[in-house]
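Summary of the model geometry
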Amino acid sequence: MRKLHMLALLLMLISFPAWSADAAAVTSTTLLTSSNSWDNTPLPAYPAGQPKITIARVQIAPGANIPAHLHHNTIAAGVLLQGQLKVVTDSGATIELVAGDAVIETIDTWHSGQNTGRVPTELIVFYAGIEGQAVSESKP
């Protein structure tokens, strides 16, 4: 009898519309997948320690600059939601991003950025580091 009740409950849950997923209403698009940063440098192994994920919304006014900084042993990837962004390393490597672009930032490489557009730049950045470690370091 108990098995019959469980079967009836299972059939009811499967047939109930709120429990069934509408496959046409959910899509997933991979924006970027790589083991290298945008300058083609291989990403480092994750450091030992308690993992810590940080997600930041970064907004940059038109014409504004992001000072030189680096990400030491912290992997950072982002998606530009709006505007334009030019990133330059100390060695002169350059990438220019526009809304919709995804990027994996350089690791242990000094770089700076500039909003080269006429509207605010907005991006979401995901940092994968460890507890107690800053996501970036500013140039002295």
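Note that the structure is predicted; figures quoted are calculated from it, not measured.

1. Brief notes about the sheet that holds strand 4 (residues 84-89)
Overall, antiparallel pairing links the five strands, which are arranged 5-4-7-2-9 in an open sheet. Every other strand in the sheet has two partners, leaving strand 5 (94-98) and strand 9 (137-138) as the edge strands with one partner each. Bridge count for strand 2 (residues 65-70) against strand 9 is two bridges, and the pairing is antiparallel. Of the residues in strand 9, the one forming a bridge with L70 is E137.

2. Remarks on the sheet that holds strand 3 (residues 75-82)
With antiparallel pairing, four strands are arranged side by side in an open sheet as 1-8-3-6. Looking along the sheet, the strands with just one partner apiece sit at the ends: strand 1 (51-60) and strand 6 (102-104). In this sheet, neighbouring strand axes are inclined to one another by 20 degrees on average, regardless of whether the strands run parallel or antiparallel.

3. Details of the nonpolar core
Listed in full, the 12 residues of the largest apolar core are W38, I60, A76, L80, L85, V87, I95, L97, V103, L123, V125 and Y127. Listing elements by their share of this core, those giving two or more residues are strand 3, strand 4, strand 5 and strand 8 (121-130). Residue contacts for L85: discarding those within four places in its chain leaves I60, I66, L80, I95, E96, L97, G113, Q114, N115, T116, T121 and L123.

4. Details of the pairing of strand 7 (residues 111-114)
Going residue by residue along strand 7, you find H111 and G113 tucked away on one face and S112 and Q114 left uncovered on the opposite face. Where strand 4 lies against strand 7, four bridges are found, and the strand directions are antiparallel. Residue K86 lies in a different strand from strand 7, and its bridge partner there is Q114.

5. Examining the layout of surface pockets
Estimates place the volume of the largest pocket at around 300 Å³. Along the wall of the largest pocket there are 22 residues; nearest its centre are I66, H69, H71, E105 and H111. Secondary structure elements with two or more residues in the lining of the largest pocket: strand 2, strand 3, strand 4, strand 7 and strand 8. Residues belonging to the lining of the largest pocket are distributed by class as follows: 12 nonpolar, nine polar and one charged.

6. Structural notes on the pattern of salt bridges
Overall, the coordinates contain two salt bridges when judged by the stated rule. Measuring nitrogen to oxygen at the nearest pair gives 2.2 Å for the salt bridge that ties E122 to R57. Placement of the pair is E122 in strand 8 and R57 in strand 1, with a sequence separation of 65 residues. The salt bridge partner of D90 is K139, with a shortest N-O separation of 2.4 Å. On the criterion of sequence distance, the pair formed by D90 in the loop between strand 4 and strand 5 and K139 in the segment after strand 9 is long-range, its members being 49 residues apart.

7. Description of unusual backbone geometry
The residue N40 is not glycine, and still its phi comes out positive at about 70 degrees. Summarising the element assignment, N40 is placed in the loop between helix 1 (2-15) and strand 1.

8. Some remarks on the environment of Q84
One can find Q84 in strand 4. On a C-alpha basis, the gap between Q84 and V119 in space is 8.1 Å, while along the polypeptide they are 35 residues apart. With near-sequence residues (within four places) excluded, Q84 lies in contact with L97, V98, Q114, N115, T116, G117 and T121.

9. Describing the environment of A45
Within the element layout of this structure, A45 appears in the loop between helix 1 and strand 1. Sequence separation between A45 and I75 is 30 residues; the distance between their C-alpha atoms is 9.4 Å.

Thresholds, definitions, all that
Residues numbered from 1 in each chain as written. Predicted model: local features only at pLDDT ≥ 70, side-chain atom pairs only at ≥ 80, totals over all residues. Heavy atoms only, no water. Pairing = 2+ DSSP bridges. Helix = DSSP H or I, 4+ residues; strand = E, 2+ residues; numbered from the N terminus. Axes fitted to C-alpha atoms, helices over the stretch in contact; angles between N-to-C directions. Core = buried A, V, L, I, M, F, W, Y, C linked by side-chain atoms within 4.5 Å. Buried < 20%, exposed > 50% of the residue type's maximum accessible area, 1.4 Å probe, protein only. Contact = heavy atoms within 4.5 Å. 1 Å grid on protein atoms, 1.4 Å probe; cavity = no way out; pocket = protein on both sides within 12 Å on 5 of 7 lines; lining within 4 Å. Points joined across faces, edges and corners; volume = space filled by probe spheres on them. Nonpolar A, V, L, I, M, F, W, Y, C, P; charged D, E, K, R; others polar. Salt bridge = Lys/Arg side-chain N within 4 Å of Asp/Glu carboxyl O.

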